[in-house]
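Working through the structure, step by step
Each chain is listed here by its residues.
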Amino acid sequence: MSVTLADVENIARLAKLSFSKEEMITFTGQFNQILQYMEKLNELDTENVEPTFHVLDSGNPLRDDVQQTWLTPEQALANAPKAKNGFFSVPKMIG
Amino acid sequence: MNISSLDYSSLRSLLIAKEISCQEVTRFYLDKIEQNRQLNAFISVFADKALERAREIDYKLAQGTAGSLAGLVLGIKDLLVMQNARTTCGSKILENFIPPFQATVLNKLQAEDAIFIGKTNLDEFGMGSSNENSYYKPVKNPHDTTRVPGGSSGGSAAAVAGSLCTAALGTDTGGSIRQPASFCGVVGLKPTYGRVSRFGMVAYASSLDQIGPLAKSVADAALLLRFMAGFDELDSTSASVPVADYSVMNGSVKGLRVGIPKEYFISGLEPDVNSAIENTIQLLKDSGAEICEVSLPHTEYAIATYYIIATAEASANLARFDGVRYGYRDEHASNLEEMYINSRTNGFGEEVKRRIMLGTYVLSSGYYDAYYRKAQKVRTLIKKDFEEAFKTVHCILTPTSPTTAFRLNEKVADPLTMYLSDVFTVSLNLAGLPGISLPCGKDKQGLPIGVQLIGKAFDEQMILRFAGFIEKNNPILNNRQVSV
């Protein structure tokens, strides 16, 4: 599998990142080199192997649904670049 | 008094005997930090706060009410959130982030009267093997300032090696505690996945991340782990396995079986590293341990597997940095989409962006099965290799890194070569196993060499026992402190 400049542009769009043309070209080269290395995994037959998404097989631990005090609205908003009337504030979405 | 050469276990007896105070100890380290600013080991230093805590703990010592870590001055990797203290993750995007909550491990260590002296430098979000990916300048190796300290917990390793603190906390996703410990000549322990709560560790790759100690001695690493470990209801992946008293280490290795995986003795292994490892194996053999060759046949697939899984999880975890709730925001954007893109593009460094891009690619439609699912299947094979080996041995011994500390800028231009330097450490994270790196010698240039001991899941005691034995009986380890 070989990655094209158009593929890299598409990934950048999905990842919400932007790059200059030069950066895109560098990335494309590095991606192909790295992905080619990763294709080493195709040497292995994994047809009947179960994937390990998580090493601990402990299931889903549940707790009682008890109300607890956590952050106050002021604390939750303290790091916001912009907040207004107790909410996070962002640029206009709809013109 | 020269505190530099003392680990906490020695320091504690002086504190109890009132030959020295916590305030004197803290001042000593603060001076050392000041004298060694060029190492860039710390991003933030809490001089006033640390001295105030030291005063309180001196009082507690006088009253006989001090905790088990009283006067242990700790550097904290700046990937762990500390309440009301700036936590940057080595990134521009969190340059001004002041967490309103605190990591569970910090609460636990604070309760035992450890003193937090500052936040240590790191590769941005833990992504790197050289500490050159920090927005806050690269850390330098105290043994040779033209060389890297390793990464990503490079600030923590350099701070311990340079005696800027008694011990430090690091995090390890693919070797980020063990490899810098090896490069800087200190002890670094990555616990079993789930042994220590990850609550308050800013996530890089959630199924691989673990917090652990970097210390001047095996005893200190064991003592810290004892107070860090345990179930935490704030981390659903933390394990309900009882915490042992890791500080009690049996002295002998007689009759125990040590596995040597032949796949780890590859062509890229530096001859000096190889001979230091051979000497360590000989030491164990002479002391009555049984040396057995074992095979971990899927070792050569570990790096590829790791970088698929780690980047995939990173791309998901780092989606939270969007300029809305915290962190850097581009103020010039005219709409929401542009604000997301500009904030992330200007806020993240190059390696972080590369990993987000790779992770996004391997998870994207059409490639998920070929890369991500395939890697999770190979992960099963890697895990099974270890399970098979541990049927016959008590612990596995390998080099921590194929080389000693490399030079600054040596590998930055070639990401793949940098990734390959993690060849001996990533498998443990994929399998969730505990590992410790401790110094076992020096190369011809005087740079430290680390040996790695790998244990069964939740059997930190076994690797600590071996590590303690090697530390005590290896003649070249005497005088391993650096004077800077």
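Look a little higher up for the structure.
Residues numbered from 1 in each chain as written. Chains lettered and ligands numbered in written order. Predicted model: local features only at pLDDT ≥ 70, side-chain atom pairs only at ≥ 80, totals over all residues. Heavy atoms only, no water.

So, on to the side chain of T26 of chain B. All names here are of chain B. Here T26 shows up in helix α2 (residues 22–35). Within the structure, the side chain of T26 is placed 2.7 Å from the backbone oxygen of C22, a separation counted as a polar contact. In contact with T26, not counting residues within four places along its chain, are A50, L51, A54, V73, I115 and I117. (Helix = DSSP H or I, 4+ residues; strand = E, 2+ residues; numbered from the N terminus. Polar contact = N/O pair within 3.5 Å; in protein donor to acceptor, adjacent residues only side chain to side chain. Contact = heavy atoms within 4.5 Å.)

It is worth spelling out the packing of aromatic side chains at this point. By the definition in use, this model includes 22 aromatic pairs over all chains. Seen in terms of ring centroids, F19 of chain A and F27 of chain A are 4.8 Å apart; in terms of plane orientation they differ by 85°. Their pairing is edge-to-face. Both residues of the pair, F19 of chain A and F27 of chain A, belong to the buried class. Centroid distance Y135 of chain B to Y136 of chain B: 5.1 Å. Interplanar angle 90°. Geometry classified as edge-to-face. Through a chain of ring-to-ring contacts, three or more aromatic side chains come together here, namely F19, F27 and F31 of chain A together with Y361, Y367 and Y371 of chain B. Positioned above the aromatic ring of F46 of chain B, the side-chain terminus of K49 of chain B is 5.4 Å from the ring centre. Over the ring of F406 of chain B we find K411 of chain B, and its NZ or CZ is 4.3 Å from the ring centre. (Phe/Tyr/Trp six-rings, centres within 6.5 Å; stacked < 30°, edge-to-face > 60°. Buried < 20%, exposed > 50% of the residue type's maximum accessible area, 1.4 Å probe, protein only. Lys NZ or Arg CZ within 6 Å of the ring centre and 35° of its normal.)

A word on the sheet that holds strand β4 (residues 167–172) of chain B. Residues and elements named next belong to chain B. Strand order across the open sheet formed by eleven strands is β1-β3-β2-β4-β6-β5-β10-β11-β9-β7-β8, with mixed pairing between neighbours. The strands lining the two open edges of the sheet, one partner per strand, are β1 (42–45) and β8 (290–294). For this sheet the average axis-to-axis angle between neighbouring strands, irrespective of direction, equals 30°. Note: strand β9 (residues 395–399) against strand β11 (residues 448–454), four bridges, orientation antiparallel. (Pairing = 2+ DSSP bridges. Axes fitted to C-alpha atoms, helices over the stretch in contact; angles between N-to-C directions.)

Tallying the contact residues gives 72 residues for chain B and 49 residues for chain A. Summing both sides of the interface, chain B and chain A together bury roughly 5,500 Å²; the carbon and sulfur share of this comes to 70%. Viewed at the interface, chain A and chain B are joined by two salt bridges. Between K16 of chain A and E337 of chain B there is a salt bridge, and its shortest N-O distance comes to 3.1 Å. In this assembly, chain B and chain A are joined by 19 residue pairs in polar contact (both at pLDDT 80 or more). Contributions of two or more residues to the side of chain B that touches chain A are made by α9 (302–317), α10 (336–347), α11 (350–363), α12 (368–389), α13 (415–420) and α14 (426–431) of chain B. A per-element tally of the side of chain B that touches chain A places α12 of chain B first, with 14 residues. When grouped by side-chain class, the residues that make up the side of chain B that touches chain A number 41 nonpolar, 17 polar and 14 charged. (Buried area = accessible area lost by both parts, 1.4 Å probe. Salt bridge = Lys/Arg side-chain N within 4 Å of Asp/Glu carboxyl O. Nonpolar A, V, L, I, M, F, W, Y, C, P; charged D, E, K, R; others polar.)

Function-wise, these values are silent; they only describe arrangement.
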